[in-house]
Amino acid sequence: MKSKKIWIALVILIMMLLVPLGKVSASNDGYLQKVKDKGTLVVGTSADYPPYEFTVKQSGKTSYVGLDIEIAKKFAKDLGVKLEIKNMNFDSLLVALETHKVDAVISGMNPTPERQKSVDFSNVYYRGQQYMLINKKDAALYKNIHSFKNKTIGAQTGSLQYDLVKKQMKNNQVKGLAKLNDLVIALESGKVNAVAMEEATAKAFAQNNSSLKVINPEFNVNSSQTGSAMAFPKGATSLVKAADKTIAEIQKKNLINKQYIPLAGKYMTNNSKKNSMWNYWTYFAKGIEYTLIITVVSVFFGFILGVILALLRLSKNKLGKAVAVAYIEFVRGTPLMVQVMFVYFGVGAVIQSLPALLAGIIAVSLNSAAYVAEVIRSGIESIPTGQTEAARSLGLSQSLTYRYVVIPQALKNIWPALGNEFITLIKESSIVSIIGVGDLMYQMQLVQSATYKGVIPIFITMVIYFVMTFGLSKVLGYFEGRMKHA
Amino acid sequence: MPNMIEIKNLEKSFGDNQVLKNITEVVKKGQVICVIGPSGSGKSTFLRCLNVLEQPSAGQIIFEGQDLTNISEIELNKLRERMGMVFQSFNLFPNMNVIDNVKLAPLKVKKTMEKEAIQKAGQLLEQVGLADKAEQFPLSLSGGQQQRVAIARALAMNPEVMLFDEPTSALDPEMVGEVLKVMQDLAESGMTMIVVTHEMGFAKKVADQIWFMDEGYIQEKGTPSEFFANPKTSRAKEFLSKIL
């Protein structure tokens, strides 16, 4: 009976979570009008792909630059609206489009037939070749795709290059990573033998890193798969038409080759000139700020919700108990990463204005609550029944007994475990970077793309995380010591 | 003397194990009753049924006219205020000092004024001989001292009856005396008391009635002089021959 109740509660919970999905695509074409009404064009991109899109620091502020960004600017200007750039993982871009987190995606994206099934594309605005980046010392070994056998080739997950390597280099392994910077680190450290990427990007990397070299591996590419196009939600014909108009004008004036690429190149050389880490301390400071905000707010709400869940689980109310058990088991049984994405893309599909930071905090709080609830339950159960009996025999009600006898003793017992949860959250919150929240992890990736340095930002980030968690554990230890005196 | 507690056809089972089998007895106001018997005879369960720390499986406990087995949680809390209980393992609250242990229930349940509660707690600690330990924490006291604090804590609610569940069984021998002394003083002041105990000397000296329990029944009862000098049942004879 008991387990049956838990199952029913679990099913209800899942159904509640799935309801939002039904509403994802409920629109005929009012897209262009909507953008004009709100006065802002929100464009998604994965800003680690110079010269298409990348970040620079201008007078202390991070800004997005590159040829795609210039096109987006022109497009927004033609529409008479402001431009807002949302930076996220390449993998997440199409989902963001489908769930209306962004109005358009411009990210050096190839309009492949597979992608065309889920989104609509504008005309191609730029056509580059598919290249490969290799270590200079291997230049004699690798000439084209046929020189590789039983090697490991890196490519960005979800990219055209990934598919090309997989299909045309069958004797080799593909290593997919979300960020190009990580792939280049992998190349330099010999984890992969080559990285497949788009021509302009490959050339940019080689230009900024003298140990790398570009080759044209002669992939067999049909022309529909090469060029880059803007992506829009399925059925957003009004936006596609408007974009095609802008693109036609850009091509007529040859703006990409005359203006956009040279401008991007200038930014890139500037970046590599001042790529000492000291120039980027504001990035790390911003990251620390976000990481602490997310952690503190999530600890607060996670604790409150955790107490409620623990009391529900210990209560005599069978429905409440079943709901609490189902919630705890479900949340503990799914990865935080999936939960973060679900809250942002799933719940965010209903509440469209849900910002990434808020989505991240909600997901981390909800996740933490499940763990806190179990810690609190174990704390309450660690108090001998004699304590409750003594209190009840004096006439204290159940709630007074909890408040004055059980909870104070339980809190003291679970303090170390709660502190542990707090420390874990500082580290786990790094997962919110996948939906583009500017936490420390995310800032690290920005610094990597801005400086073309892979390992040093990772090391600095690691040290910062350690300083934060170690400092916190000292503070918690101090309070634990004080509680012992009581 | 009016009836304080009437026990009618009380039964208690834990699963298939029937611990109490149809007990019907009366406790009169001012009586001191010592419940004795071998381990596992159901003495403690019997006592814990009287203030419904254990819910009886059948029967009634009528305390001053109200049936405790069939009332709301709120009413039960009210009635428990009037029945003090002292446990074998003291069960003081380790997160509070001695005086806070004693005044917690008057403050939070009876809503007594702080000043009055402190004064009353001070008196009670004086009465059990621990006025100088008021600010200490329970775990820094000896077992005998802790048990005397527990008695003071129970008395702070001005109960009409006191239940003692083997109050000296967890104590070192040299500390038994100080606790029994406090209990004897209490009995002499006219408190109605039900004491589950193995202290035969105390039972002889203080009890008005001895209830001898075995196998879930009260097998025999009588005044201490009758019972100890001349037990009627073979079970009581056997029990006394083992311990005396």
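Structure: above.
Here we summarise the structure given alongside this text. Only a predicted model underlies this, so the values are computations on that prediction, with no experimental measurement involved.

Things to note about the overall build of chain A
Working step 1: Check the secondary structure of chain A and you find 18 helices and 12 strands.
Working step 2: When the 486 residues of chain A are sorted by exposure, 53% land in the buried category.
Working step 3: Across chain A, every contact between residues at least 6 apart in sequence was considered, and the portion connecting residues at least 24 apart equals 76%.

With respect to the overall build of chain B
Working step 1: When helices and strands are tallied, chain B shows 9 helices and 10 strands.
Working step 2: Here chain B holds 244 residues, and the buried ones make up 55% of them.
Working step 3: A separation of at least 24 residues holds for 65% of the contacts in chain B among residues at least 6 apart in sequence.
Working step 4: Looking at chain B as shown, the accessible area adds up to about 10,600 Å², and 47% of this sits on carbon and sulfur atoms.

Examining the pattern of salt bridges
Residues and elements named next belong to chain B.
Working step 1: Overall, the coordinates contain 28 salt bridges over all chains when judged by the stated rule.
Working step 2: Residues Asp100 and Lys103 are paired through a salt bridge, measuring 3.1 Å at the closest nitrogen-oxygen approach. Residue Asp100 and its partner Lys103 are both found in helix α3 (residues 98-108); the two are separated by 3 residues, about one turn of the helix.
Working step 3: When the shortest N-O distance is used, the salt bridge between Arg235 and Asp214 registers 3.0 Å. Within this pair, whereas Arg235 is found in helix α9 (residues 234-243), its partner Asp214 is found in strand β9 (residues 209-214), the two being separated by 21 residues in sequence.

What about helix α8 (residues 199-208) of chain A?
Every α-helix winds through 3.6 residues per turn, so residues three or four apart in the chain are directed the same way.
All names here are of chain A.
Working step 1: For α8, the buried fraction is high: 7 of the 10 residues fall into the buried class.
Working step 2: Within the sequence span of α8, burial applies to Glu199, Ala200, Thr201, Ala202, Ala204, Phe205 and Ala206.
Working step 3: Two or three places before Ala200, at the opening of α8, Glu198 has a side-chain oxygen 2.9 Å from that residue's backbone nitrogen.

So, the side chain of Thr291 of chain A
Working step 1: Along the chain, Thr291 of chain A falls in helix α11 (residues 281-314).
Working step 2: Filtering out sequence-adjacent residues up to four positions away, Thr291 of chain A remains in contact with Ile426, Ser429, Asp439, Leu440, Tyr465 and Met468 of chain A.

Re unusual backbone geometry
Working step 1: Here Val52 of chain B, not a glycine, exhibits a phi torsion of approximately 60°, which is positive.
Working step 2: Tracing the backbone shows Val52 of chain B in the loop between α1 (43-50) and β4 (58-63).

Side note on a nonpolar patch on the surface
Residues and elements named next belong to chain A.
Working step 1: A cluster of nonpolar side chains, namely Phe300, Phe301, Phe303, Ile304, Ile308 and Leu411, defines an oily patch on the protein surface of about 520 Å² accessible area.
Working step 2: A per-element tally of the nonpolar patch places α11 first, with 5 residues.
Working step 3: Tracing the sequence through the fold places Ile304 in helix α11.
Working step 4: Given a relative accessible area of 39%, Ile304 falls into the partly exposed group.

Thoughts on the sheet that holds strand β5 (residues 66-67) of chain B
The strands making up a sheet associate through backbone hydrogen bonding, with each pair oriented either parallel or antiparallel.
All names here are of chain B.
Working step 1: If you trace the 4 strands from one edge of the open sheet to the other, you get β2-β1-β4-β5, paired in antiparallel fashion. The open sheet has two free edges, formed respectively by β2 (17-28) and β5, since each of these has just one partner strand.
Working step 2: Of the strand pairs in this sheet, strand β1 (residues 3-14) and β2 are connected by 8 bridges, and their pairing is antiparallel. The residue bridging Ile7 from the neighbouring strand is Glu25, located in β2.
Working step 3: Packed on one face of the sheet, α1 meets β1, β2 and β4 and runs near 125° to β1.

Some words on the interface of chain B and chain A
Working step 1: Tallying the contact residues gives 24 residues for chain B and 17 residues for chain A.
Working step 2: Buried area between chain B and chain A, both sides added, is near 1,800 Å², and the carbon and sulfur share of it is 61%.
Working step 3: Taken as a group, Phe93, Asn95 and Lys108 of chain B account for 25% of the area that chain B buries against chain A, more than any other trio of residues on that side.
Working step 4: Where chain B meets chain A, there are 8 residue pairs in polar contact (both at pLDDT 80 or more).

Description of the environment of Phe63 of chain B
Residue and element names in this part refer to chain B.
Working step 1: Its location among the elements puts Phe63 in strand β4.
Working step 2: Look at Phe63 and you get buried, because its relative accessible area is 0%.
Working step 3: Residues Phe63 and Met83 lie 20 residues apart in sequence; the distance between their C-alpha atoms is 9.5 Å.
Working step 4: Aside from chain neighbours lying at most four places away, what touches Phe63 is Met4, Ile5, Leu68, Leu79, Arg82, Met83, Glu160 and Val161.

So, the sheet that holds strand β7 (residues 161-165) of chain B
Residue and element names in this part refer to chain B.
Working step 1: The sheet built from 6 strands is open, its strands ordered β6-β7-β8-β3-β9-β10 with mixed pairing. Edge positions in the sheet fall to β6 (83-86) and β10 (217-222), since each of these pairs with one other strand and no more. Averaged over all adjacent pairs, the angle separating strand axes in this sheet is 20°, with direction ignored.
Working step 2: Here β7 pairs with strand β8 (residues 192-196) via 5 bridges, running parallel. Within the sheet, the bridge partner assigned to Val161 lies in β8 and is Thr192.
Working step 3: Along the sheet, α1 makes contact with β3 (32-36), β6, β7, β8 and β9, crossing β7 at roughly 150°.
Working step 4: The strands touched by helix α5 (residues 143-155) within the sheet are β6 and β7, with β6 carrying the most contacts at an inclination of about 170°.

Some details on the nonpolar core
Working step 1: By size, the foremost hydrophobic cluster in this structure holds 66 residues, and its most contacted members are Phe75, Tyr125, Leu133 and Phe232 of chain A.
Working step 2: Residues contacting Leu133 of chain A, with those up to four places away along its chain left out, are Val184, Leu187, Ala194, Val195, Met197, Ala202, Phe205, Ala206, Leu212, Lys213 and Val214 of chain A.
Working step 3: Ranked by size, the runner-up nonpolar core spans 49 residues in total, among them Leu130, Leu171, Val176 and Met183 of chain B.

A look at the pairing of β4 of chain B
Residue and element names in this part refer to chain B.
Working step 1: Where β1 and β4 come together, 5 bridges link them in antiparallel fashion. In the sheet register, Glu11 faces β4, and the bridge partner there is Ala58.
Working step 2: Strand direction decides the pairing type here: β4 and β5, joined by 2 bridges, are antiparallel. Looking at β5, one finds that Ile62 is bridged to Asp67.

Digging into the packing of α11 of chain A against helix α16 (residues 398-428) of chain A
Residues and elements named next belong to chain A.
Working step 1: Put simply, α11 and α16 touch, their axes get as near as 11 Å, and they point 140° apart. On the basis of their axis angle, the class for α11 and α16 is oblique. The handedness of the crossing between α11 and α16 is right-handed. Of α16, the residues touching α11 (which contributes Thr291, Thr295, Ser298, Val299, Phe303, Leu311 and Leu314) are Tyr402, Leu411, Leu418, Phe422, Leu425 and Ile426.
Working step 2: In the contact of α11 with α16, the residues fall into 10 nonpolar, 3 polar and no charged.

Concerning the environment of Leu125 of chain B
All names here are of chain B.
Working step 1: The topology assignment puts Leu125 in helix α4 (residues 114-127).
Working step 2: Leu125 sits in the buried class, given a relative accessible area of 1%.
Working step 3: Here the alpha-carbon distance between Leu125 and Ile151, two residues 26 residues apart in the chain, equals 9.3 Å.
Working step 4: Setting aside residues up to four positions removed in sequence, Leu125 forms contacts with Val98, Val102, Leu130, Ala131, Ala134 and Ala152.

Side note on the packing of aromatic side chains
Residue and element names in this part refer to chain A.
Working step 1: For the structure shown, the criterion picks out 12 aromatic pairs over all chains.
Working step 2: Taking the centre distance of 6.0 Å and the plane angle of 70° together, the rings of Tyr52 and Tyr126 count as edge-to-face. You can see Tyr52 sitting in the loop between β1 (40-45) and β2 (54-58) and its partner Tyr126 sitting in strand β6 (residues 119-126), a full 74 residues away along the chain. The burial state of Tyr52 is the same as that of Tyr126; both residues are buried.
Working step 3: Note on Phe75 and Phe232: the rings are 6.2 Å apart at their centroids and 80° apart in plane angle, and the pair reads as edge-to-face. Within this pair, whereas Phe75 is found in helix α3 (residues 67-79), its partner Phe232 is found in strand β12 (residues 228-233), the two being separated by 157 residues in sequence.
Working step 4: Residue Phe232 is classed as buried on the basis of its relative accessible area, which comes to 0%.

How each quantity is defined
- Residues numbered from 1 in each chain as written.
- Chains lettered and ligands numbered in written order.
- Predicted model: local features only at pLDDT ≥ 70, side-chain atom pairs only at ≥ 80, totals over all residues.
- Heavy atoms only, no water.
- Helix = DSSP H or I, 4+ residues; strand = E, 2+ residues; numbered from the N terminus.
- Buried < 20%, exposed > 50% of the residue type's maximum accessible area, 1.4 Å probe, protein only.
- Contact = heavy atoms within 4.5 Å.
- Areas by Shrake-Rupley, 256 points an atom, 1.4 Å probe, with all protein chains shown as cover.
- Salt bridge = Lys/Arg side-chain N within 4 Å of Asp/Glu carboxyl O.
- Polar contact = N/O pair within 3.5 Å; in protein donor to acceptor, adjacent residues only side chain to side chain.
- Patch = residues over 30% accessible without salt bridge, like charges linked within 9 Å, V, L, I, M, F, W, Y side chains within 5 Å.
- Pairing = 2+ DSSP bridges.
- Axes fitted to C-alpha atoms, helices over the stretch in contact; angles between N-to-C directions.
- Buried area = accessible area lost by both parts, 1.4 Å probe.
- Core = buried A, V, L, I, M, F, W, Y, C linked by side-chain atoms within 4.5 Å.
- Parallel < 35°, antiparallel > 145°, perpendicular 65-115°, else oblique.
- Left-handed = near helix turned anticlockwise from the far one by under 90°.
- Nonpolar A, V, L, I, M, F, W, Y, C, P; charged D, E, K, R; others polar.
- Phe/Tyr/Trp six-rings, centres within 6.5 Å; stacked < 30°, edge-to-face > 60°.

Everything listed here is a matter of geometry and, on its own, says nothing about what the molecule does.
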